[in-house]
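Now for the letters of each chain:
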Amino acid sequence: MNTVQIRRLSSRINRKTVSIVGSGPSGFYTAYHLLKKSPIPLNVTIWEKLPVPFGLSRYGVAPDHPEVKNCEETFTTCAEEYSLPKDQKHKFSFVGGVTIGKEILLKTLLDSQDAVILSYGCTGDRKLNIPGEKGTKGVFSSREFVNWYNGHPDFANDKRFTDFDWSKVSRVGIIGNGNVALDITRVLISNQIDEIWKDTDISTLALNLIRKAPVKEVKLIARRDFVHSKFTNKELRELWELEKYGVRGCIDSKFFKKGMFDLSKYDRAFNRRVEMCSEYLKPFNERSKRNYKKTPPPSNGYNKFWELDYLKTPLEINRNESGAINSLTLCNNQLHEDNSLQPLKDPINIMTYKIDLLVSSLGYAGVPMPEFSNLSVRFDKDHIANEQGRVLTTNGRIFPRLYASGWIRKGSKGVIASTMQDAFEVGDKVIQDLVVSGALSSGKSIDLSNVKHTTWEDWKRINKKELLRGQKEHKTRSKFLTFEELWSRTKIE
Ligand SMILES: Cc1cc2nc3c(=O)[nH]c(=O)nc-3n(C[C@H](O)[C@H](O)[C@H](O)COP(=O)(O)OP(=O)(O)OC[C@H]3O[C@@H](n4cnc5c(N)ncnc54)[C@H](O)[C@@H]3O)c2cc1C
Ligand SMILES: NC(=O)c1ccc[n+]([C@@H]2O[C@H](COP(=O)([O-])OP(=O)(O)OC[C@H]3O[C@@H](n4cnc5c(N)ncnc54)[C@H](OP(=O)(O)O)[C@@H]3O)[C@@H](O)[C@H]2O)c1
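Notes on the structure follow.

Rules used throughout
Residues numbered from 1 in each chain as written. Chains lettered and ligands numbered in written order. Predicted model: local features only at pLDDT ≥ 70, side-chain atom pairs only at ≥ 80, totals over all residues. Heavy atoms only, no water. Helix = DSSP H or I, 4+ residues; strand = E, 2+ residues; numbered from the N terminus. Expected span 1.5 Å × (residues − 1). Contact = heavy atoms within 4.5 Å. Polar contact = N/O pair within 3.5 Å; in protein donor to acceptor, adjacent residues only side chain to side chain. Phe/Tyr/Trp six-rings, centres within 6.5 Å; stacked < 30°, edge-to-face > 60°. Buried < 20%, exposed > 50% of the residue type's maximum accessible area, 1.4 Å probe, protein only. Pairing = 2+ DSSP bridges. Axes fitted to C-alpha atoms, helices over the stretch in contact; angles between N-to-C directions. Patch = residues over 30% accessible without salt bridge, like charges linked within 9 Å, V, L, I, M, F, W, Y side chains within 5 Å. Areas by Shrake-Rupley, 256 points an atom, 1.4 Å probe, with all protein chains shown as cover. Salt bridge = Lys/Arg side-chain N within 4 Å of Asp/Glu carboxyl O. Lys, Arg positive; Asp, Glu negative; His and termini not counted. Charge placed at Lys NZ, Arg CZ, Asp CG, Glu CD. Near = heavy atom within 4 Å. Nonpolar A, V, L, I, M, F, W, Y, C, P; charged D, E, K, R; others polar. Domains from an automatic or database assignment. Disulfide = S-S within 2.5 Å.

Concerning helix 16 (residues 456–472)
Here comes step 1: End to end, helix 16 covers 24 Å across 17 residues, agreeing with the expected 24 Å (1.5 Å per residue, within 8%).
Here comes step 2: Buried residues along helix 16 sit against helix 2 (25–37), helix 3 (55–59), helix 4 (71–83), strand 3 (91–96) and helix 17 (483–488).
Here comes step 3: Downstream of helix 16 by a residue or two, H474 has a phi angle that is positive, lying close to 60°.

Encoded structure:
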């Protein structure tokens, strides 16, 4: 179809309206797909609770991985292309600072739109559910910790972080060994290596506090064994490669030694992981492959250590007299052939680790929206029940015109590339349904005249100012850390 034909089609057919809740990778990739592929002219609106877009790309991805945030360029190009519609078949709008379910109800969207896609990610914490998890100083979930160092306005100035005595943090425990746990390990174990952090967009407030910690040891504590480690090789290698700064990785030979696995039973990635760990555990000069001897450790040797620990269940977080964590009680686990775990709680299997900071990195938890029960939307454990993205009701039927994509569709797993794939698949279902359905929505637009919100143009102003501040501070970006600062930067100067 050429531009003239598209314009004719657009003038003949009423646009259909699509609302997407959440502006993270899944929301934006769903919008992108709809705008690129829909044969029917669309008005696509992304609703975002924060005044700024991009979800975990902005507030999750580690600051020393800026290349991962390249997806934001695709989102920006898409928003720019369709925000100024003039001759375009489709229209795109961004509405920031509006929580769906609060300032605007999900029901309002459902009553006025032809399709609503829930892409609001996983906004809660999985819990250990052990004594001391709540209210102990120096105990955080990975979501809280990551949001804090990434400058999320809900956490950047949180007193639980800013009032904590970082100068006492020498031993750190992290529960779980997914890639988020590795991100957090990297941040903490290299906290005083300015070369890694100084140019990044890490919150300066957080970095200055983290830097004060004389971190000597970070233990990654997993409930299962080495074979079931959740991290991926690229991220593990990054930790090993910190050895050039005097940071050493360790794994007890109970859990890992060369020859203990029948490698023919495992895939290439696992075989590479075994080779990587076997090589890096050897002294630098004894390694056989050049790949593992890029830069030697400093002449004065290693002074910081991270350790992969396995087969443990945390039982209790213990506090000192000022209410701060001072140790963690754990027990050994037995892992059965069917992959079930048995914590061994007899005294011989119980131990205590001295710890000054504990981060539980168990994955983010999906949370239902408050209106789900009234609307009879089914929520299964940590995600919205759905069939190929079409949301299900509590009695197992398809909820008309309601979809889910990204983490809230499947739970908190998957990288940005797989989230994109998921968004495209759901986008296809939305298009299929829009093509076969007649005019469904009321055609009423949602009145925002009394709702404080940001627009794409506001975000562009915020973005420009953050980049400018960053330039002055010799960083890629210097984020505004409070809602007040963010809202005030939307004003035209
Ligand atoms: C710490 C961390 C680091 C990661 N690092 C990498 C990496 O290096 N590489 C990689 O490929 N992947 C990485 N990932 C995975 C990647 O971030 C996810 O695959 C992706 O962000 C999931 O996208 P999403 O849109 O489903 O969720 P999110 O990114 O969480 O986006 C959800 C959005 O919805 C908004 N929202 C929530 N509730 C509402 C509401 N009621 N109304 C309006 N808006 C709402 C949120 O504010 C948020 O902006 C990382 C994940 C984490 C947690
Ligand atoms: N650089 C990157 O590409 C990057 C960076 C960050 C995140 N991500 C992606 O984002 C997704 C989420 O990562 P994540 O690290 O948050 O989650 P994850 O990969 O699911 O890891 C969660 C960890 O917590 C453990 N765990 C869960 N519940 C537990 C409990 N009750 N007690 C003890 N341990 C428990 C899990 O152990 P079990 O295995 O035993 O369940 C696992 O080790 C992943 O897909 C990840 O790859 C990618």
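From this point, the narrative continues.
Quick notes on the environment of D64
Here comes step 1: Within the element layout of this structure, D64 appears in the loop between helix 3 and helix 4.
Here comes step 2: Through-space distance from the C-alpha of D64 to that of V187 is 9.0 Å; in sequence the pair is 123 residues apart.
Here comes step 3: If sequence neighbours within four positions are ignored, D64 has contacts with R186, I196, W197, T200 and E238.
Here comes step 4: In terms of polar contacts, D64 uses its side chain to reach the side chain of R186, at 2.8 Å.

Observations concerning the packing of aromatic side chains
Here comes step 1: One pass over the structure, following the stated rule, counts 36 aromatic pairs.
Here comes step 2: Centre to centre, the rings of F145 and F161 are 6.1 Å apart; their planes meet at 55°, and the pair counts as tilted. A residue pair is termed long-range when its members are at least 10 positions apart, and F145 in helix 6 (residues 142–149) and F161 in helix 7 (residues 159–162) qualify at 16 residues. The same class applies to F145 and to F161, which are both buried.

Brief notes about the sheet that holds strand 6 (residues 139–141)
Here comes step 1: Strand order in this open sheet of six strands is 6-15-7-8-10-9, and the pairing throughout is parallel. In the strand order of this sheet, the two ends are held by strand 6 and strand 9 (247–251), each with one partner. Direction aside, the axes of adjacent strands within the sheet are offset by 15° on average.
Here comes step 2: Pairing of strand 7 (residues 171–175) with strand 15 (residues 357–360), which is carried by four bridges, proceeds in the parallel orientation. Residue pairing across strands places G173 opposite L358, the latter belonging to strand 15.
Here comes step 3: Packed onto the sheet, helix 6 meets strand 6 and strand 15 and runs at close to 85° relative to strand 6.
Here comes step 4: Along the sheet, helix 8 (residues 179–189) makes contact with strand 7, strand 8 (217–221), strand 9, strand 10 (304–309) and strand 15, crossing strand 8 at roughly 170°.

Here we look at a positive patch on the surface
Here comes step 1: On the surface, R223, K230, K381 and K413 cluster together into a patch of positive charge.
Here comes step 2: Note that K413 resides in the loop between helix 14 (407–410) and helix 15 (416–436).

Digging into the site of ligand 1
Here comes step 1: Residues in close proximity to ligand 1 total 32 residues, the closest being S26, E48, G414, I416 and T419.
Here comes step 2: The side chain of E48 places a nitrogen or oxygen atom 2.6 Å from an oxygen atom of ligand 1.
Here comes step 3: Contacts to ligand 1 include W407, whose backbone N or O atom sits 2.9 Å from an oxygen atom.
Here comes step 4: Looking at the shell around ligand 1, the elements with two or more residues in it are helix 2, strand 2 (42–48), helix 3, helix 8 and helix 15.
Here comes step 5: Taken together, the residues that form the shell around ligand 1 break down as 15 nonpolar, 14 polar and three charged.
Here comes step 6: Counting the residues that make up the shell around ligand 1, at least three belong to each of domain 1 (3–123 + 366–454) and domain 2 (125–357).

Concerning the pairing of strand 7
It is a general feature of regular strands that their side chains alternate between the two faces of the sheet.
Here comes step 1: Buried residues dominate strand 7, accounting for four of its five residues.
Here comes step 2: Sheet analysis places strand 7 next to strand 8, joined by five bridges and oriented parallel. Across the sheet, I175 pairs through a bridge with I221, a residue of strand 8.

Quick look at the state of the cysteines
Here comes step 1: The tally for this structure, following the rule as stated, stands at zero disulfides.
Here comes step 2: Its sulfur unpaired, C78 is 12 Å from the next cysteine sulfur, which belongs to C71.
Here comes step 3: Here C78 falls in the buried class, since its relative accessible area comes to 1%.

Looking at the sheet that holds strand 4 (residues 115–118)
Here comes step 1: The strand order 3-2-1-4-21-20-19 describes an open sheet built from seven strands, whose pairing is mixed. The outermost strands of the open sheet, each flanked by one partner alone, are strand 3 and strand 19 (386–387).
Here comes step 2: Sheet topology note: the strand 1 (residues 16–21)/strand 2 ladder contains six bridges and is parallel. Of the residues in strand 2, the one forming a bridge with K16 is L42.
Here comes step 3: Across the sheet, helix 15 lies against strand 1, strand 2, strand 4, strand 20 (390–392) and strand 21 (398–404), angled at about 145° from strand 21, the strand it touches most.

Brief notes about the site of ligand 2
Here comes step 1: Neighbouring ligand 2 are 19 residues; N177, R223, R224, E235 and G414 lie closest to it.
Here comes step 2: One of the backbone N or O atoms of V180 is found 3.1 Å from an oxygen atom in ligand 2.
Here comes step 3: Here an oxygen atom of ligand 2 and a side-chain polar atom of R224 are 2.7 Å apart.
Here comes step 4: For ligand 2, whose unbound accessible area comes to 930 Å², protein coverage reaches 81%.
Here comes step 5: For the shell around ligand 2, the element with the most residues is helix 8, which contributes three residues.
Here comes step 6: By residue class, the composition of the shell around ligand 2 is five nonpolar, eight polar and six charged.
Here comes step 7: The residue makeup of the shell around ligand 2 includes at least three contributed by each of domain 1 (3–123 + 366–454) and domain 2 (125–357).

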